[in-house]
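# Remarks on the overall topology
As a plain string of letters, each chain reads:
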Amino acid sequence: MTLPTAFLDIPLAHRALHDLSARRPENSRAAVRAAVDAGVGIEIDLQLSADNKAMVFHDYALERLTPERGAVRLREASALAAIPLKGGDEGIPTLEEILDLIAGRVPLLVEFKDQDGAMGPDVGPLETAAAELLGRYRGDLAVMSFNPHSVRALAHLLPDVPRGLTTSAYRPDEWPLPAATCDRLRGIPDYADTGSCFISHEADDLNRPRVAELKADGAAVLCWTIRSQVEEDIARQVAQNVTFEGYLPRPRS
């Protein structure tokens, strides 16, 4: 399995092409529409509702992005849809709505947020809910997660969809995980047995030898999160594509 070339040729808008000054919150329908209009790829995040619907939302809790408080997974999809996103005019979208909006016009990278809470094996409902929709989608599509157990679940549920690992320097002071878990994941040991064909790696850690090793063995290397053309130019010395926000990458020849 290989990543479609669109994921190497077209930069990916992080949480879609969000811009609060233009009333486009992250992971919103407005940000998705703007990305499609701009012809850039889209990266989105998934969380699970109380009634097992895949919702396009980054955080586990509501308070940073909405006027409400509490866990996303404690509310049903209809209730989440009615909660306005800060800085915008719309509620939290479902995955189904976002897929209908994109309709295969630009590449779509879907990140499954860790549902275990500690990168462990307590996953499955979100992957199952999303797979039902993603399996019918027509367009350039790839899936990924920081949690290797999630990627293994996706290998079973969506065997024909390219999958990868979201990877990081896993600095213990930046992650709510035991140091031993950070140490393990930092080495990207699960690439082969998850059947991954790419990684999306933390941009300021791209010089890690393990990244070079995977790239030499044929892995596609994406990176997150790039916030200027200068950062992009540096990242592209290693990465084949970028996940960006806060600027528009210049066209590539």
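Anything mentioned here points back to the structure above.
These remarks concern the structure in this document. (Residues numbered from 1 in each chain as written. Predicted model: local features only at pLDDT ≥ 70, side-chain atom pairs only at ≥ 80, totals over all residues. Heavy atoms only, no water.)

### A few points about unusual backbone geometry
With an omega dihedral of -25 degrees, the bond running from W224 to T225 counts as a cis peptide bond. Inspection of the secondary structure assignment puts T225 in the loop between β8 (220–224) and α9 (229–235). The residue A16 is not glycine, and still its phi comes out positive at about 70 degrees. Tracing the chain through its elements places A16 in the loop between β1 (12–14) and α2 (29–38). (Helix = DSSP H or I, 4+ residues; strand = E, 2+ residues; numbered from the N terminus.)

### Focus: helix α5 (residues 125–134)
Think of an α-helix as turning once every 3.6 residues; residues three or four places apart then point the same way. Most of α5 is tucked away: seven of the 10 residues are buried. Along α5, the residues that are buried comprise L126, E127, A129, A130, A131, L133 and L134. Buried positions along α5 lie against β2 (41–48), β3 (54–56), α4 (95–102), β4 (108–112), β5 (141–145) and α6 (148–157). (Buried < 20%, exposed > 50% of the residue type's maximum accessible area, 1.4 Å probe, protein only. Contact = heavy atoms within 4.5 Å.)

### Focus: the nonpolar core
Counting residues in each nonpolar core, the largest one holds 63 residues, and the members touching the most others are I42, L46, L95 and L134. The greatest single-element share of this core, amounting to six residues, is contributed by α5. Residues within four places of L134 in sequence aside, it is in contact with L95, L99, V110, F112, L141, V143 and L158. (Core = buried A, V, L, I, M, F, W, Y, C linked by side-chain atoms within 4.5 Å.)

### Description of the packing of aromatic side chains
Considering all chains together, one arrives at five aromatic pairs under this definition. Between F146 and Y170, the aromatic rings sit 6.4 Å apart at their centres with planes inclined by 80 degrees, giving edge-to-face as the arrangement. Linking F146 in the loop between β5 and α6 with Y170 in the loop between β6 (163–167) and α7 (179–186), this pair joins segments that are 24 residues apart in sequence. Just as F146 is buried, Y170 falls in that class too. Between F146 and W175, the aromatic rings sit 5.1 Å apart at their centres with planes inclined by 70 degrees, giving edge-to-face as the arrangement. With F146 in the loop between β5 and α6 and W175 in the loop between β6 and α7, the pair connects residues that are 29 residues apart, well separated along the chain. Summarising the burial analysis for this pair, F146 and W175 share the class buried. Among the aromatic residues, ring-to-ring pairing joins F146, Y170, W175 and W224 into one connected group. (Phe/Tyr/Trp six-rings, centres within 6.5 Å; stacked < 30°, edge-to-face > 60°.)

### Focus: the side chain of T166
Checked against the element boundaries, T166 lands in strand β6. Once residues within four sequence positions are removed from consideration, T166 is found in contact with E111, M144, S145, F146, S200 and W224.

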